[in-house]
Every structure is written in C-alpha cells, then in structure tokens.
Amino acid sequence: MFELLLPTAIAVGAAMTLLFCLALVLKDNSIVDIGWGLGFVLVAGLSAVQDPGFEPRHILATFLVLVWGVRLAVHIFRRNRKRVEDFRYAAWRERWGRWFVLRSYFQIFMLQGLFLVLISAPLPRINSAPGRPLGPWDVAGVLLWLVGFLFESVGDAQLARFKKDPANKGKFIRTGLWNYSRHPNYFGEALMWWGIYVIALAVPGGGILVFSPLTITLLLRFVSGVPLLEKKYRDRPEFRDYARRTNAFIPWLPRHPRTTKPS
C-alpha cells in the first residue's frame, strides 16, 4: 500500500506547496478550498497514467472522482469570486500573528494534503489491481456515489439560489434538502467516498481502505465541516430553532423541537 500512496503523496505535496505560494501572493487562504477538489483530480489523473490497462473498473472509479472533483472546484470558484477571504481563514490569519505563514503552510495546506492522500487511497488501489469484470460491488458503489452526488450538487445549487435572493439576507435556508439536513452537501460528499470504497471492495485488499470514507465522514461531521461552519451561528435564535428541528448531517424528517434525535 505504501508504494501506491508514495507517488500520490509527493504529487499532492508539491501541488499544495504551489497553492500555498499563490495564497501568499493573493493574501487569501480560501483558495485551498478550490484546490481540495482539484487535488483529487490530480490523484485521478496520476493513477490513470500509472495504470496501463484502462480496465472497466479503473475507468469507472477514475471517472467518478474526476466528475466530483471538477464539479466541486468549479462550484467553489464561482461561489468565492469577488469575495474576501473566508471568515474561518481570516480568523486564523489574525489569531496566528507572526506565525501565520508557517502555520498556514502546515496546518492548512499540508494538513489538507495529508487528508487528501488518505481519502483518495482507494483510487490508486483500484487502478493498480488486475482487471476483472464489473460486479455487484461496482453497482452498489455507483448507486451510493450517485445518491451522494445528488445530495452535494443539488444542495449546493439550492443554497446558491437561496443566497441570491436579497429577501433571504441573514436567513437560514430551510427548504429542499436543507429541510432534512443542515448540511446535505457535506453528507453527499461523505457518501460519495463510501461509494468509491464499496467499489474498492471488488479488488484484493480493498477492505482495508475503510479509513478513506471514515476520514472524510469524521472530518466533515466533527472537525472541519459542520462544527466550524455552525460556530458562527450558534448564538442566533433562528439557527438554534433550526438545529433543534433538523439533523446536522444525516438527512431525516424534521422533528418537533421537544423531541431529540442524534444526528
């Protein structure tokens, strides 16, 4: 496994270093979010080049990751155009003071690069495995990926449309998929990687790669996704009401505020 991940780690490390230099010039660490999706595109392309066979499963997994990575990068680029640095990165810029450059490199860019390598691990494993006919694992994985892609892409589109309406300024979206999850896009992203992992179960040694979907799920739900984003709104009564009624991550029917249900 190490020999498969080493080329990926080197390429991702170099790409993140270049992105860090660009962030210094632009004075905007938010561009790392665009680089997140593009990093997976890099891994997909690199693993495809290393695989001379281009078997059906290789093509399938690479295509799914390419579609996801490009869509996410384009979406974030469009969303961030003409905006100042994201409030999370701006807060770290102020808090870190004279250590900002060093901590930015390691705690933002290199750390995300590390997670990117871990999460993308199924792809080089799939692409290095001997070609075999597609089977039930591939079908199940694609179905999971499609559901996840629906949640992420539709959720992003609904939120973008909601924010474009001046009448919604300062409000929280509670319609569409956002009526069932406070972060349907994050849920969708995690589910897509569970789909890629299920496809990896069809190749020898694929089962040990469960750390890939677990990493992205735990990050989004408990570390860099839900908690950081909701910290900004937790003191607002409207958000507290929304949080009482709606699961944070896993979609579920809205509930009466007196009831409780883990999310």
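In the block above lies the structure referred to throughout.
Attention in this report is confined to the structure presented alongside it. (Residues numbered from 1 in each chain as written. Predicted model: local features only at pLDDT ≥ 70, side-chain atom pairs only at ≥ 80, totals over all residues. Heavy atoms only, no water.)

Assigned secondary structure in the protein consists of 11 helices and zero strands. Going from N to C terminus, the protein has its helices and strands arranged as α-α-α-α-α-α-α-α-α-α-α. Its C-alpha atoms put the protein at 55 × 45 × 30 Å along the principal axes. In the protein, buried positions account for 47% of the 263 residues. In the protein, the share of contacts with a sequence separation of at least 24, taken over all contacts with a separation of at least 6, comes to 77%. (Helix = DSSP H or I, 4+ residues; strand = E, 2+ residues; numbered from the N terminus. Buried < 20%, exposed > 50% of the residue type's maximum accessible area, 1.4 Å probe, protein only. Contact = heavy atoms within 4.5 Å.)

With 20 residues, helix α5 (residues 100-119) should reach 28 Å at 1.5 Å per residue; the first-to-last C-alpha distance of 27 Å fits that figure. At Met110, α5 shows its largest kink, close to 30°. Inspection of α5 places Phe100, Ser104, Ile108, Phe109, Gln112, Gly113, Leu116, Val117 and Ile119 among the buried residues, and these make up the whole buried set. (Expected span 1.5 Å × (residues − 1). Bend = angle between axes of the 7 residues up to and from the residue.)

Looking now at the pattern of salt bridges. Here the structure, examined in full by the defined rule, presents nine salt bridges. Put simply, Asp86 and Arg88 hold a salt bridge, and the shortest N to O gap is 2.9 Å. On the basis of relative accessible area, Asp86 is assigned to the buried category, the value being 18%. You can call Arg88 buried: its relative accessible area is 15%. The closest approach of N and O atoms between Arg174 and Asp241, which form a salt bridge, is 3.0 Å. Taken together, the residues Arg174 in the loop between α7 (136-164) and α8 (184-200) and Asp241 in helix α11 (residues 237-245) connect sequence positions 67 residues apart. A single salt-bridge network, built from bridges that share partners, covers Arg174, Asp241, Arg244 and Arg245. (Salt bridge = Lys/Arg side-chain N within 4 Å of Asp/Glu carboxyl O.)

Let us look at the packing of helix α4 (residues 87-96) against α5. Across the interface, α4 lies against α5 with an axial gap of 9 Å and an inter-helix angle of 145°. Helix-helix and strand crossings are classified by hand; for α4 and α5 the assignment is right-handed. Facing Tyr89, Trp92, Arg93 and Trp96 of α4, the residues of α5 in contact are Phe100, Arg103, Ser104, Gln107, Ile108 and Gln112. A class-by-class count of the residues in the contact of α4 with α5 yields five nonpolar, three polar and two charged. (Axes fitted to C-alpha atoms, helices over the stretch in contact; angles between N-to-C directions. Left-handed = near helix turned anticlockwise from the far one by under 90°. Nonpolar A, V, L, I, M, F, W, Y, C, P; charged D, E, K, R; others polar.)

Looking now at a positive patch on the surface. Together, Arg79, Arg83, Lys163, Lys232 and Arg236 give the surface a local cluster of positive charge. Here Arg79 lies in helix α3 (residues 56-80). Of the residues examined, Arg79 reaches a relative accessible area of 33% and is grouped as partly exposed. (Patch = residues over 30% accessible without salt bridge, like charges linked within 9 Å, V, L, I, M, F, W, Y side chains within 5 Å. Areas by Shrake-Rupley, 256 points an atom, 1.4 Å probe, with all protein chains shown as cover. Lys, Arg positive; Asp, Glu negative; His and termini not counted. Charge placed at Lys NZ, Arg CZ, Asp CG, Glu CD.)

Right, let's get into the packing of aromatic side chains. Here the structure, examined in full by the defined rule, presents 18 aromatic pairs. Ring geometry for Phe20 versus Phe109: centroids 5.5 Å apart, planes at 70°, classification edge-to-face. Here Phe20 is found in helix α1 (residues 2-26), whereas its partner Phe109 is found in helix α5, with 89 residues between them in sequence. As far as the burial class goes, Phe20 and Phe109 line up, both buried. Ring geometry for Tyr89 versus Trp92: centroids 5.6 Å apart, planes at 80°, classification edge-to-face. With Tyr89 and Trp92 both in helix α4, this residue pair falls three residues apart, about one helical turn. A connected cluster of aromatic rings, assembled from ring pairs, spans Phe20, Tyr105, Phe106 and Phe109. (Phe/Tyr/Trp six-rings, centres within 6.5 Å; stacked < 30°, edge-to-face > 60°.)

Geometry only, nothing functional implied.
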